[in-house]
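Close look at the chain arrangement
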Amino acid sequence: MHELPITQGILSVVVEAAQQANARQVLAIDIVIGELTSIVDDSVQFYFDILSQGTVAEGAALHFHREPATASCQDCGHTFAVSPPLFVECPQCQSTLIRVTGGNEFCVQSIEVDNES
Ligand SMILES: [Zn+2]
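As a starting point, this report considers the structure included with it. Only a predicted model underlies this, so the values are computations on that prediction, with no experimental measurement involved. (Residues numbered from 1 in each chain as written. Predicted model: local features only at pLDDT ≥ 70, side-chain atom pairs only at ≥ 80, totals over all residues. Heavy atoms only, no water.)

1. Brief notes about the coordination of the zinc ion
- For the zinc ion, every protein donor is listed as Cys73 (SG), Cys76 (SG), Cys90 (SG) and Cys93 (SG), and the spread of their distances is 2.3 to 2.4 Å.
- Taken in chain order, the donor set of the zinc ion reads C-x2-C-x13-C-x2-C.
- With relative accessibility at 3%, the residue Cys73 sits in the buried group.
- Exposure remark for Cys76: the relative accessible area of 35% places this residue in the partly exposed category. (Donors = N, O, S within 2.8 Å, 3.2 Å for Na, K, Ca; no water. Buried < 20%, exposed > 50% of the residue type's maximum accessible area, 1.4 Å probe, protein only.)

In structure tokens, the structure reads:
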């Protein structure tokens, strides 16, 4: 259920960017979501459709890009892709000193606006 505050965050970022660009309408929004986040695309879209009503971003298409999760081994430095449920050891040296280095991203990558009046 944490998609609501997340979606509010997206909307405020997008509306602010659109105002700075003197945009008439926001057409599309590219959003990057790490594979390890539990954010559900459909929920974000659902909240966005409600929250964006009456704003410059109303009707914008949301494009979600999933970033694969990555981890690096603290012993041998090997970096590798992981997917939930999380591994317990390095595939190269079997060390268990693993640090997750990617997959928790969440950001607005870019927005597409219409400036035509
Ligand atoms: Zn290793």
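Back to the text.
2. Some words on the sheet that holds strand β4 (residues 79-82)
- If you trace the three strands from one edge of the open sheet to the other, you get β4-β3-β5, paired in antiparallel fashion. Both outer strands of the open sheet, β4 and β5 (98-102), are each paired with one neighbouring strand and no more. Recorded for the sheet is a direction-independent mean angle of 35° between the axes of neighbouring strands.
- Where strand β3 (residues 69-73) and β4 come together, four bridges link them in antiparallel fashion. Within the sheet, the bridge partner assigned to Ala69 lies in β4 and is Val82. (Pairing = 2+ DSSP bridges. Helix = DSSP H or I, 4+ residues; strand = E, 2+ residues; numbered from the N terminus. Axes fitted to C-alpha atoms, helices over the stretch in contact; angles between N-to-C directions.)

3. A few points about the nonpolar core
- Judged by nonpolar contacts, the single largest core of 17 residues is most densely connected at Ile10, Val26, Ile29 and Phe48.
- When residues of this core are traced back to their parent elements, those giving at least two are α1 (3-20), β1 (25-34) and α2 (41-51).
- Element by element, the count of residues in this core is highest for α1, at six residues.
- Residues in contact with Phe48, not counting those within four places in the same chain, are Thr7, Ile10, Leu11, Ile29, Ala57, Ala60 and Leu62. (Core = buried A, V, L, I, M, F, W, Y, C linked by side-chain atoms within 4.5 Å. Contact = heavy atoms within 4.5 Å.)

4. Remarks on the pattern of salt bridges
- Throughout the structure, instances matching the rule amount to two salt bridges.
- Residue Arg24 pairs with Asp114 through a salt bridge whose shortest N-O separation is 2.9 Å. Of this pair, Arg24 sits in the loop between α1 and β1 while Asp114 sits in strand β6 (residues 106-114), and the two are 90 residues apart along the sequence.
- For Asp114, a relative accessible area of 16% gives the class buried.
- A salt bridge links Asp41 to Arg66; the nearest nitrogen and oxygen atoms lie 2.5 Å apart. Of the two residues, Asp41 is situated in helix α2 and Arg66 in strand β2 (residues 61-67); the sequence distance between them amounts to 25 residues. (Salt bridge = Lys/Arg side-chain N within 4 Å of Asp/Glu carboxyl O.)

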